[in-house]
Every structure is written in structure tokens, then in C-alpha cells.
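The residues making up each chain are set out below.
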Amino acid sequence: MVVGAGVVGLSVAVRLLERGARVEIWTADAPQATTSAVAAAVWFPYRAEPRDRVVAWSARTRAVLAELAADPSTGIRVRDGVELLRAAPVDGPWWAHAVGGVVPAAAADLPDGYAAGWVFRAPVVEMPVYLAWLTARVEALGGRLVRRRLDDLEPARAAAGTVVCCAGIGARDLVPDAAVRPVRGQIVRVTNPGVRRFLLDEAGPTYIVPRRDDCVLGGTAEEGAHDLDPDPAVAEAIIARCAALDPMVAGARVLEHRVGLRPARPAVRVERDTDGVVHCYGHGGAGVTLSWGTAEDAVRLVACDHG
Ligand SMILES: Cc1cc2nc3c(=O)[nH]c(=O)nc-3n(C[C@H](O)[C@H](O)[C@H](O)COP(=O)(O)OP(=O)(O)OC[C@H]3O[C@@H](n4cnc5c(N)ncnc54)[C@H](O)[C@@H]3O)c2cc1C
């Protein structure tokens, strides 16, 4: 039994099913209504700890996503991009080992106001397409999605031998785990005016993520905020910040405003508790980036008691 049908729960379910387990997913929300559906989503280890485990999980996930990108129906495409830095760095990025090829940006790659940057290739995941693909994969392997909101994990434990809890921000009340805290993120989805590479400034955060037919412009990172309504003034500021990175986006047509709550935690939780529940949540701003790495570790913890 898996609780949660965001990118984390669906990835765990796929790996369990591939091992021959019978899997039911209980989820309060349809996959397209999760935080995962809001994600930009570029592979980038943002706001997730601890760094040593995050590097290993993100390296593994990058490899799997790059492989999946060979099939266009997954919605994944490997693109070039630049992480932008206001000040010249002393060292290379802490996540460089997960990528392989990270090179300093040439001055011509840098918008005004930036001193440096890292150029790298990474998977960009069009989440509505990818979540639909993952859901179809779960179903093709014999898994089943059930819409059910839980107040606690007892009904899941009573119904199945093993429970893997992938409730994202919901883990705060469900487990309960007060260490999980929302970091609110707002984005603006616009038509793609011809942008090909992603641009990220973690300090904003400000980012432009081009996808097949549109671009995701971001963003915000508001600690402890829960409000899911997009703020029009924030949206305007996001567009202005992104236009400063690439003037092409200034004229793009706005398609949609979205908000999601990143499930932040001092450390991503991938462990089995004393009741035998395997937990896999707290992925912060990197749930897509860590998804396959953490899913595979969680499935190892399930061991042989298929639930
Ligand atoms: C604006 C924004 C941009 C982002 N960009 C990126 C990016 O570029 N790259 C990246 O890697 N990450 C990005 N993220 C982070 C990423 O979206 C999250 O880390 C990821 O979605 C977490 O996935 P999850 O499956 O753990 O949680 P969710 O997607 O939130 O899924 C949780 C699931 O648990 C279910 N659930 C919760 N509570 C209960 C309950 N009580 N009973 C039953 N079911 C329950 C929910 O219904 C849902 O199905 C971004 C996030 C935001 C908000």
C-alpha cells in the first residue's frame, strides 16, 4: 500500500510493482491536483537535505529521467541550462558530482547583474504529462489508485502488510510530523516565446523553465505560508524578474497561475519506523529531482513483505 499519488508515491508504486508486489495507492487528491503537478520541473537539487544523500538520490534520478526522455510520451526532455550567480563562487556547485559535466558560464551567457554561472544539461519534466505517464505505468503493471483522504495511517496499516507513506506536505498532519513545513511556491505559466534553455537563480528564486509548448516562470519560496491562491502582485513581480533574465518572456501570453506547497523538512525522510511503516516524504523543492533515488531506497526498506 502506498499513500500519496504525487511524483514520489507514483515512483515508489512503479518500483514495487516491478518487483511483483500487489499495490494499491490511496490518495486524497488526483495526481494532477498534487504539488507535483505544479513543479516547474527541472532536475535541480533545491531545498533538500542532507547533501550527501541528496547528491546520491539526484544522480540516480537524473540517470533514470535521462533514460525515460528517449520516450517523448513521458514529457521529459534533456535541456541545456544555466544556474546564475550574483557573486563569483569560490568552489564548484555542491551537486556537481550528480551531473558530471558542469562548466563555468561564458560572460555572454550571463544577464545583467550576474557575476558567474554554471552551465549544465538536465532533464526538464513536463509534470502534467509525466504524472499521466506514471499513472498509466502503475495501472499497466496492475496497480490501482483509490481516492481516499486519511486522518491517520491506521486504516492503511489495517488494510495492507506494508505501508509506504508518500504524503508530501500532508505528512505533517497524517504521520504526524511537525518537522515537515510548507515552503509556498507561486509560478506563472506562459506561452513559450522561443526559449530553449532553462535559467535559474536560486537566490530569488527566479527561474525560466521552457517546456514543449509553454514556459514556467517562477517563483517564490515563502516559509510557513499555506495560502494556495495565486497573488496577482507576486505574479507581476515574477514576470518582471524573469524578463530581466530573458527579455523574450516579457511579451509571452499568460496561460495560468499556480501555487504549490513544497514539503520541506530538515532532512528528507526515507526510513522505516518502529510500526513498520516506510516513510518517503519531505523532498522540499526537489521531489522530482530525488524521486527515483528515494523511491528505490524506500522499496529496499519494504524488503519482502509486499503490501
Ligand atoms: C512552484 C514549485 C516549483 C517546483 N519546482 C520543482 C522543480 O523544478 N524540480 C523539482 O525537483 N521539484 C520542484 N518542486 C518541488 C516538488 O514539487 C515537490 O518536492 C514534490 O512535488 C513532492 O512530491 P510528493 O509526491 O512528495 O508530494 P505531493 O505531490 O504533494 O503528493 C502528495 C500526495 O499525498 C497525498 N496525501 C497527502 N495527505 C494525504 C492524506 N491525509 N490522505 C491521503 N492522501 C494524502 C496527496 O493527495 C498527494 O497525492 C517545486 C514545487 C513548487 C511548489
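Above this text is the structure in question.
Residues numbered from 1 in each chain as written. Predicted model: local features only at pLDDT ≥ 70, side-chain atom pairs only at ≥ 80, totals over all residues.

Topic: the site of the ligand
Part 1: Taken together, 43 residues surround the ligand, and among them Gly6, Gly168, Gly170, Gly260 and Gly287 come closest.
Part 2: Mapped onto the shell around the ligand, the elements with two or more residues apiece are α1 (7–18), β2 (24–27), β8 (181–191), β13 (254–264) and α7 (287–302).
Part 3: Among the residues forming the shell around the ligand, the class breakdown is 22 nonpolar, 18 polar and three charged. (Near = placed C-beta within 6 Å. Helix = DSSP H or I, 4+ residues; strand = E, 2+ residues; numbered from the N terminus. Nonpolar A, V, L, I, M, F, W, Y, C, P; charged D, E, K, R; others polar.)

Points about helix α3 (residues 127–140)
Part 1: Counted at 1.5 Å a residue, the expected span for α3 with its 14 residues is 20 Å, and the 19 Å between its end C-alpha atoms agrees.
Part 2: If you check which residues of α3 are buried, you get Met127, Tyr130, Leu131, Leu134, Thr135 and Val138. Down the axis of α3, the buried set is contained in an arc of 135 degrees. They therefore lie on one face. Facing away from the buried surface of α3 by more than 90 degrees, the exposed residues are Ala136 and Ala140.
Part 3: Where α3 is buried, its residues meet α1, β2, β3 (76–85), β5 (116–125) and β6 (144–147).
Part 4: Two residues or fewer past α3, glycine 142 is found with a positive phi of approximately 100 degrees. (Expected span 1.5 Å × (residues − 1). Buried ≥ 20, exposed ≤ 12 C-beta atoms within 10 Å, placed from the backbone. Arc of directions from axis to C-beta. Contact = placed C-beta atoms within 7 Å.)

Looking at the sheet that holds strand β14 (residues 269–272)
In a beta sheet, neighbouring strands are held together by backbone hydrogen bonds and run either parallel or antiparallel to one another.
Part 1: Strand order in the open sheet made by the six strands is β6-β2-β1-β7-β15-β14, with mixed pairing throughout. Each edge of the sheet is formed by a strand with only one pairing partner; in this case those strands are β6 and β14.
Part 2: Of the pairings in the sheet, the one linking strand β7 (residues 164–165) to strand β15 (residues 278–281) comprises two bridges and is parallel in character. Counted as the bridge partner of valine 164 is valine 278 from β15.
Part 3: Packing against the sheet, α7 makes contact with β7, β14 and β15, and its axis sits at approximately 170 degrees to β15. (Pairing = 2+ DSSP bridges. Axes fitted to C-alpha atoms, helices over the stretch in contact; angles between N-to-C directions.)

Concerning the pairing of strand β11 (residues 214–218)
Part 1: Most of β11 sits inside the fold, with four of its five residues counted as buried.
Part 2: Pairing between strand β10 (residues 206–210) and β11: four bridges, direction antiparallel. From the neighbouring strand, tyrosine 207 faces β11, where its bridge partner is glycine 218.
Part 3: The turn linking β10 back onto β11 is made up of three residues.

Some remarks on unusual backbone geometry
Part 1: In the segment running from glutamate 49 into proline 50, the intervening peptide bond is cis, with an omega of -5 degrees.
Part 2: With respect to the helices and strands, proline 50 occurs in the loop between β2 and α2 (51–68).
Part 3: The residue after glycine 204, namely proline 205, is reached through a cis peptide bond having omega -5 degrees.

Side note on the packing of α1 against α3
Part 1: As a packed pair, α1 and α3 sit with axes 9 Å apart at the nearest point and diverge in direction by 30 degrees. Taken together, α1 and α3 sit at an angle that is classed as roughly parallel. Crossing of α1 over α3 shows left-handed handedness. Facing Val7, Leu10, Ser11, Ala13, Val14 and Leu17 of α1, the residues of α3 in contact are Leu131, Leu134, Thr135, Arg137 and Val138.
Part 2: In terms of residue class, the contact of α1 with α3 is built from eight nonpolar, two polar and one charged. (Parallel < 35°, antiparallel > 145°, perpendicular 65-115°, else oblique. Left-handed = near helix turned anticlockwise from the far one by under 90°.)

Honestly, that's just the spatial picture; any functional story needs more than this.
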